[in-house]
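Summary of structural features
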Amino acid sequence: MARFDNKVVLVSGGARGQGAAEARLLVAQGAKVVIGDVLDNQGQALAVELGPAASFVRHDVTSEADAATKWALRGMTKSAAIDLGGRKIRVNSVHPGPIDTDMIAFRTPEQREARMKQVPMHRYGRPEEVAQLVAFLLSDESNYITGAEIAIDGASSA
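All of the points below concern the structure found in this document. Please read all numbers here as calculations on a predicted model, not as lab measurements. (Residues numbered from 1 in each chain as written. Predicted model: local features only at pLDDT ≥ 70, side-chain atom pairs only at ≥ 80, totals over all residues. Heavy atoms only, no water.)

1. Observations regarding unusual backbone geometry
Backbone geometry follows two general trends: most residues other than glycine have a negative phi, and most peptide bonds adopt the trans configuration. A positive phi is found at H122, a non-glycine position, where the angle reads about 55°. Tracing the chain through its elements places H122 in the loop between α4 (109-117) and α5 (127-138). The exposure class assigned to H122 is exposed, which follows from its relative accessible area of 52%. Phi is positive for A155, which is not a glycine, with a value near 75°. Examined against the element boundaries, A155 turns out to sit in the segment after β5 (149-152). (Helix = DSSP H or I, 4+ residues; strand = E, 2+ residues; numbered from the N terminus. Buried < 20%, exposed > 50% of the residue type's maximum accessible area, 1.4 Å probe, protein only.)

2. Re the nonpolar core
The biggest cluster of nonpolar side chains holds 16 residues, and the ones touching the most others in it are A23, L26, A31, V33, I35, L46 and L50. Among the secondary structure elements, those contributing two or more residues to this core are β1 (8-12), α1 (17-28), β2 (32-37), α2 (40-50) and β3 (54-58). Element by element, the count of residues in this core is highest for α1, at four residues. Excluding anything up to four places from it in sequence, L46 contacts G14, A15, A20, A23, R24 and I35. (Core = buried A, V, L, I, M, F, W, Y, C linked by side-chain atoms within 4.5 Å. Contact = heavy atoms within 4.5 Å.)

3. Looking at the pattern of salt bridges
As enumerated under the stated definition, the model contains nine salt bridges in all. The closest approach of N and O atoms between E149 and K78, which form a salt bridge, is 3.4 Å. Here the residue E149 occupies a position in strand β5, and K78 occupies one in helix α3 (residues 70-84), the gap between them amounting to 71 residues. R126 is the partner of E129 in a salt bridge, and the nearest nitrogen-oxygen pair spans 3.4 Å. Overall, the relative accessible area of 18% leaves E129 in the buried class. Counted as one network, the salt bridges with shared partners bring together R74, K78 and E149. (Salt bridge = Lys/Arg side-chain N within 4 Å of Asp/Glu carboxyl O.)

4. Overview of the sheet that holds β3
Where strands meet in a sheet, backbone hydrogen bonds hold them as pairs that are either parallel or antiparallel. Spatially, three strands are ordered β1-β2-β3 in an open sheet, and the strand pairing comes out parallel. Strand pairing shows two members of the sheet lacking a second neighbour, β1 and β3, which therefore form its edges. Across the sheet, the mean angle from the axis of one strand to that of its neighbour is 20°, orientation sign disregarded. Alignment of β2 against β3, held across five bridges, turns out to be parallel. Counted as the bridge partner of G36 is V57 from β3. Sitting on the sheet, α1 is in contact with β1 and β2, with an inclination near 165° to β1. (Pairing = 2+ DSSP bridges. Axes fitted to C-alpha atoms, helices over the stretch in contact; angles between N-to-C directions.)

So, in structure tokens, the structure goes:
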């Protein structure tokens, strides 16, 4: 039996970068994954790549009608963890710092170097590192973790 058999996971911002790495890892470990993003073509292509265990839905976190602001997710995480804990549903939020994805490709080499100097670990994170954290939080190995806000940022927020 795979680690995530019988589990369905929504990966917000899942069409590329960190989210795509999470979707790939979770499908490889048995989860059914719903990829949510505004990048329709990339999200649909990833769902096709991952096969029948994945599907794509358009999801815009900047739209009030669609997921909430990222800041609101912190409060929603805590509230949902309290409300759903009795049903054995865990809710946590992951807060990545500078991760080496296409989203930061617009920066010049000088800007990248300056940003990296602000990170105590003096490097950008990798999408796979975020995916591994997410997989741990979704696994049974983290059964008693809920309502947590977890920074994965090389100590940038410390």
